[in-house]
Amino acid sequence: MSREFHLYDLRVTVVEIEGESVCGMQVGDYFELTESSRLRIPPGKHFCIYALATVIPFLAAKQRELDDNDWLARDSHAICPDPEERVIMRMERRRWRTLDSDELT
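Residues numbered from 1 in each chain as written. Predicted model: local features only at pLDDT ≥ 70, side-chain atom pairs only at ≥ 80, totals over all residues. Heavy atoms only, no water.

Caption draft 1: Focus on the overall build of the chain. Along the backbone of the chain there are 3 helices and 5 strands. Reading the helices (α) and strands (β) of the chain from amino to carboxyl end gives β-β-β-α-α-β-β-α. When each of the 105 residues of the chain is scored for burial, the buried share is 34%. Expressed as a percentage of contacts within the chain between residues at least 6 apart in sequence, the contacts between residues at least 24 apart total 62%. Side chains of the chain carry 14 positive and 20 negative charges; the gap between the two charge centres is 4 Å. (Helix = DSSP H or I, 4+ residues; strand = E, 2+ residues; numbered from the N terminus. Buried < 20%, exposed > 50% of the residue type's maximum accessible area, 1.4 Å probe, protein only. Contact = heavy atoms within 4.5 Å. Lys, Arg positive; Asp, Glu negative; His and termini not counted. Charge placed at Lys NZ, Arg CZ, Asp CG, Glu CD.)

Caption draft 2: Up close: the nonpolar core. In this structure, V12, F47, V55, L59 and M89 are the most contacted members of the largest nonpolar core, which totals 18 residues. Among the secondary structure elements, those contributing two or more residues to this core are strand 1 (4-17), strand 2 (30-34), helix 1 (49-62) and strand 5 (87-100). Setting aside its immediate chain neighbours within four residues, F47 contacts V12, V14, M25, D29, Y30, F31, I41, L52 and M89. (Core = buried A, V, L, I, M, F, W, Y, C linked by side-chain atoms within 4.5 Å.)

Caption draft 3: Structural view of the sheet that holds strand 5. Pairing is antiparallel across the open sheet formed by 5 strands, whose spatial order is 3-2-1-5-4. Where the open sheet ends on each side, the last strands, each with one partner, are strand 3 (38-40) and strand 4 (77-79). The average angle at which neighbouring strand axes cross in this sheet is 25 degrees, direction not considered. Against the sheet, helix 1 touches strand 1, strand 2, strand 3, strand 4 and strand 5, its axis set at about 35 degrees to strand 5. (Pairing = 2+ DSSP bridges. Axes fitted to C-alpha atoms, helices over the stretch in contact; angles between N-to-C directions.)

Caption draft 4: Focus on the side chain of R97. In this structure, R97 sits in strand 5. For R97, a relative accessible area of 13% corresponds to the buried category. Within the local environment of R97, its side chain forms a polar contact with the side chain of D9, the two groups lying 2.5 Å apart. (Polar contact = N/O pair within 3.5 Å; in protein donor to acceptor, adjacent residues only side chain to side chain.)

Caption draft 5: Representation of the pairing of strand 1 in the model. As defined by bridge partners, strand 1 adjoins strand 5 across 12 bridges and the pair is classed as antiparallel. What sits directly across from E4, in strand 5, is D100. The pairing of strand 1 with strand 2 spans 4 bridges and is classified as antiparallel. Each residue of the ladder has a partner; that of V12, found in strand 2, is F31.

Caption draft 6: Inspection of the pattern of salt bridges at higher detail. Scanning the model with the defined rule gives 7 salt bridges in all. A salt bridge links D9 to R97; the nearest nitrogen and oxygen atoms lie 2.5 Å apart. Within this pair, whereas D9 is found in strand 1, its partner R97 is found in strand 5, the two being separated by 88 residues in sequence. As a salt-bridge pair, E92 and R90 come within 3.7 Å of each other at their nearest N and O atoms. Overall, the relative accessible area of 29% leaves R90 in the partly exposed class. The structure contains a network of salt bridges with shared partners spanning E35, R38 and R40. (Salt bridge = Lys/Arg side-chain N within 4 Å of Asp/Glu carboxyl O.)

Laid out in structure tokens, this is it:
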């Protein structure tokens, strides 16, 4: 019995900072979520945990195929909860990956 399933790898990128980035993030900073659960941040970079906390609830859904009428299929931006920073991030799908659930659970 096949236990294969498909997920997208994702990239979350800072696309705009409307306020002052006291956490030190800059436009273009990003992290990637690959192979279901592997969080990758480029060497020498960081990603604010509060900005990360903003997008975490959406990542599992963004990894999956969604109906075209689902609002989450159309919306791809999130904003950091710090009102002084207003760090805007874009969640984008990258690679469509085939995984084996026996290797993950």
